[in-house]
Every structure is written in structure tokens, then in C-alpha cells.
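Here's the letter readout for the chains.
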Amino acid sequence: MAMATHFTLPINYVVSEGSRGRGRFVRKLVRAVASSDSVAPTTSEESKVQLGGSELKVTKLGIGVWSWGDNSYWNDFQWDDRKLKEAKGAFDASLDNGIDFFDTAEVYGSKFSLGAISSETLLGRFINERKARDPGAQVSVATKYAALPWRLGRESVITALKASLSRLGLSSVDLYQLHWPGVWGNEGYLDGLGDAVEQGLVKAVGVSNYSEKRLRDAYERLKKRGIPLASNQVNYSLIYRAPEQTGVKATCDELGVTLIAYSPIAQGALTGKYTPENPPSGPRGRIYTREFLTKLQPLLNRIKQIGEIYSKTPTQVALNWLVAQGNVIPIPGAKNAEQAKEFAGAIGWSLTDNEVTELRSMASEINPVVGFPLQAGFLRYFKFSRT
């Protein structure tokens, strides 16, 4: 007997997958509803979710700005005026389409990472220019502290945060995160996060690339001061599900910590843009090889087929799959206005449970690759999987 599939529609209608005529009728309705409601022109409270146990609310999807000002990993090793203009277009298009949550970091685009110009500086400039035109514009900013080996103690967190605020041109940020675990321990860094909250420099605090054990330790240490750990930002996508396999996702759900997913479309591999004949350029070409892209094609074909049901792109389907996991905020990187608009269309509709399960099953047949050359060694060094 075929299992009934339920859709949320403007009419009460239940269709059995075994009923072809009715199925076609409902699919047309779903396509129409998804297409018309996918992008909101302004940000509303209904489009926001609470970040962990904090009082901060952000949009259900954010924008990562790692590529802004970078010329060591992105942008084919070159940052120029055209890319600057495109980044500005991505910022404005995001706000115009209801996405106002942006994630940056002090190392993005910095001289330390061999970048051209700080991503924080660019984001701050874009915010200032937008508010000059629209004083009522609301922007939620998340940035990160680099736990470099020579940085010791809670004071280093406050010092770095104030430097980030200076580059951003802000008096406070919405979310401040520890970018990765510290070599010599994390207690001082976590105390610094708590100090930042108490000094009114941040609204919420989180961590990034934290394992299950480190996540629990951070949660408990902040809890003693009455401060909730709002988030853990990790690499998570349909084809890279390590947070599920290591217990990080389950621990986030248990503790009420929001999982922020970076590289949610596997740095472009899930967009359908790249093929064995057309692999990505730069460092990504060494990760998403022709061999890997060949194995990925059946999954990409199915993602495309499902997208056609809802008039959605493969990118939007891949992002919606992550949202369907619950307690997950994807932050795809937008380099231009077109990408930003496409990302906004990933929310406001839902895949069916059967589609979510099918895509997971197909993705499980593909051995994952890590989407950043240094990350594999980095994660092994910090024993990300368990400790």
C-alpha cells in the first residue's frame, strides 16, 4: 500500500503517491505556492528564529562573507574593483530579499590569511552605506575570534573583539564566536566571551568547529555565569554530514544550541554548476576533483529533478534539505547579487519527508571530502571528532 504524503497547501488536500492524476494536480499547486512565496521583500519576525537559548533572533538562513576581500582561497587569487562591486551587490540583494544575518571573522581577508582587505571592514562599509540610504535597515552581524596559539587569557578576547568592532564600525555585534578550539585550552577564551556579554559588547556568544565534548564543556562553563551558548558553527551539508556522525548535531539539539552550517552547498559542489568536464578553479579544484564530481552526478541529477517540482534550483534544494534537519541555520557564501537572491529562495517552502530521506540515502553512497585544504589536518590536530 502506498504511503500518503501530506503537503501544506491553501486547500485541504491529501494525495496518495499511487494516485497519478491527483499527484500531478498537487505537484502543480506546490510548484505555484513555492514559487510565489519563496522570497520575502522585507525581513519579518515570522522569517526569524531564536539563536539557541539567547534572546537573539536571526533569519532562518544567513550569508557567509568569507570570500569578501579574500584572494588566498577564493576569487582566483585576485581581488579587484569588480569583485568589490559584486560583494556590495550581494549585501544589498540579501537585505532586499529578507536576509539580514551576515557571518564574518577577523581572519577573513586579513593580512594574516594573506587577504586583500578585511571582510569585517567591507561588511562595516556596506552597512554604513546602506543605513545612509535607509536609516531603518536592520542588520545582524556575527563575527569570530581567532584562537591563535600566542593569544592567552580572557583579555585577548575582549581586545580582539574591540578591534573587530572598530573595523565593522559598530559599538556591538549580535553574535561573537570562538573560530576554533584553542591549542592550550579554552577556559580563558570562554571567560572572555562571558565578559563580552556582561560588558554589552555582544548580544549572544557561540563557538565554531567544536566537538561534542568541547561543546558540552563550553555550554556548562557559560551556564555557570547565566549565559547561554547560542551556537556552534561547523561544516555541514548534504554530502558532508560529520556533525551527525560525531554526535555534534545531536548534542546541539539536546542542549538547545543552534547549529550554524558553513559550506552548506559544499563550496559550490551541490549547485550543479560544476561537472567532471568543468571542475571548480583554484584550491577547490584539488578537493572536488573530476573523479569526485563523476560520483556526485546521480545525486545532482535527482536534486535537479526534485527542484523542478517546486520551481527551485539545485542550490535551493540543497539548502532546504539542511533547514529540514531542524535547529540548523545555513550560511552559504554570496559573492554577487544573483547568488544572494537564489539563497533567499531556499526558505519559505519545504521538501517532503520522503524527499529528505531519499536525498540522504543517495548522499550516503558518496564518500565525503573536506571542503578546505587545511581543514583536514586542522581537525585531526584538534581531534575534532571526539575530544
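Our subject is the structure listed above.
Everything quoted here is computed from the prediction, not taken from an experiment.

### Observations regarding helix α13 (residues 353–363)
Then, number 1: Within α13, burial applies to Glu355, Val356, Leu359 and Ala363. Down the axis of α13, the buried side of the element spans an arc of 100 degrees, and every buried residue falls inside it. Exposed residues lying more than 90 degrees from the buried face of α13 are Asp353 and Thr357.
Then, number 2: On its buried face, α13 sits against α10 (290–310) and α11 (314–323).

### As for the side chain of Thr59
Then, number 1: Tracing the backbone through its elements, the reader meets Thr59 in strand β4 (residues 57–59).
Then, number 2: Polar side-chain contacts of Thr59 include one of 2.8 Å to the backbone oxygen of Leu61.

### Some points on the environment of Leu193
Then, number 1: Assignment of secondary structure puts Leu193 in helix α5 (residues 187–198).
Then, number 2: Assessed through its relative accessible area of 0%, Leu193 is described here as buried.
Then, number 3: Separated by 35 residues in the primary sequence, Leu193 and Ile158 have C-alpha atoms spaced 7.9 Å apart.
Then, number 4: The residues contacting Leu193, other than those within four sequence positions of it, are Val157, Tyr176, Leu178, Val205 and Gly206.

### Notes on the packing of helix α3 (residues 119–133) against helix α4 (residues 154–168)
Then, number 1: In contact at an axis separation of 7 Å, α3 and α4 are set at 45 degrees when each is read in the N-to-C sense. Of the possible angle classes, the one that applies to α3 and α4 is oblique. Residue-level contacts link Glu120, Thr121, Leu123 and Gly124 of α3 to Ser164, Arg167 and Leu168 of α4.
Then, number 2: Residues of the contact of α3 with α4, tallied by class, amount to two nonpolar, three polar and two charged.

### A few points about the side chain of Ser164
Then, number 1: Position of Ser164 among the secondary structure elements: in helix α4.
Then, number 2: Apart from residues no more than four positions distant in its own chain, Ser164 is found in contact with Glu106, Glu120 and Thr143.

### So, the environment of Lys273
Then, number 1: With respect to the secondary-structure elements, Lys273 resides in the loop between β11 (258–262) and α9 (284–287).
Then, number 2: C-alpha separation for the pair Lys273 and Thr315, spaced 42 residues apart in sequence, amounts to 9.4 Å.

### With respect to the packing of α5 against helix α6 (residues 212–223)
Then, number 1: Remark: α5 packs on α6, axes separated minimally by 10 Å, with the N-to-C direction vectors making an angle of 45 degrees. In terms of orientation, α5 lies oblique with respect to α6. α5 and α6 meet at a crossing whose hand is right-handed. Here Glu187, Leu190, Asp191 and Gly194 of α5 come into contact with α6, specifically with Ala218, Arg221 and Leu222.

### Considering helix α8 (residues 248–255)
Then, number 1: All buried positions along α8 are accounted for by Val248, Lys249, Thr251, Cys252 and Leu255. For α8, the angular spread of the buried residues around the axis is 165 degrees, confining them to a single face.
Then, number 2: Here the buried face of α8 lies against α6, β10 (229–235), α7 (242–245), β11 and β12 (328–330).
Then, number 3: Two residues or fewer past α8, Gly256 is found with a positive phi of approximately 75 degrees.

### Comments concerning the pattern of salt bridges
Then, number 1: A complete count under the given rule lists 23 salt bridges for this structure.
Then, number 2: With its nearest N and O atoms 2.9 Å apart, the salt bridge here joins Glu198 to Arg225. Pair noted here: Glu198 is in helix α5 and Arg225 is in the loop between α6 and β10, with a separation of 27 residues, a long-range link.
Then, number 3: Several salt bridges converge on common partners, so that one network encompasses Lys88, Asp92, Asp96, Glu129, Arg130 and Arg133.

### A closer look at the sheet that holds strand β6 (residues 101–103)
Then, number 1: Spatially, the eight strands line up as an open sheet ordered β5-β6-β7-β8-β9-β10-β11-β12, and their pairing is parallel. Of all strands in the sheet, those with a lone pairing partner are β5 (63–64) and β12, marking the two edges.
Then, number 2: By the bridge criterion, five bridges tie strand β8 (residues 173–178) to strand β9 (residues 202–208) in an arrangement that is parallel. Paired with Leu178 across the bridge in β9 is Val207.
Then, number 3: Contacting β7 (140–145), β8 and β9, α5 runs over the sheet at an angle of about 160 degrees to β9.

Calculation criteria
Residues numbered from 1 in each chain as written. Predicted model: local features only at pLDDT ≥ 70, side-chain atom pairs only at ≥ 80, totals over all residues. Heavy atoms only, no water. Buried < 20%, exposed > 50% of the residue type's maximum accessible area, 1.4 Å probe, protein only. Helix = DSSP H or I, 4+ residues; strand = E, 2+ residues; numbered from the N terminus. Arc of directions from axis to C-beta. Contact = heavy atoms within 4.5 Å. Polar contact = N/O pair within 3.5 Å; in protein donor to acceptor, adjacent residues only side chain to side chain. Axes fitted to C-alpha atoms, helices over the stretch in contact; angles between N-to-C directions. Parallel < 35°, antiparallel > 145°, perpendicular 65-115°, else oblique. Nonpolar A, V, L, I, M, F, W, Y, C, P; charged D, E, K, R; others polar. Left-handed = near helix turned anticlockwise from the far one by under 90°. Salt bridge = Lys/Arg side-chain N within 4 Å of Asp/Glu carboxyl O. Pairing = 2+ DSSP bridges.

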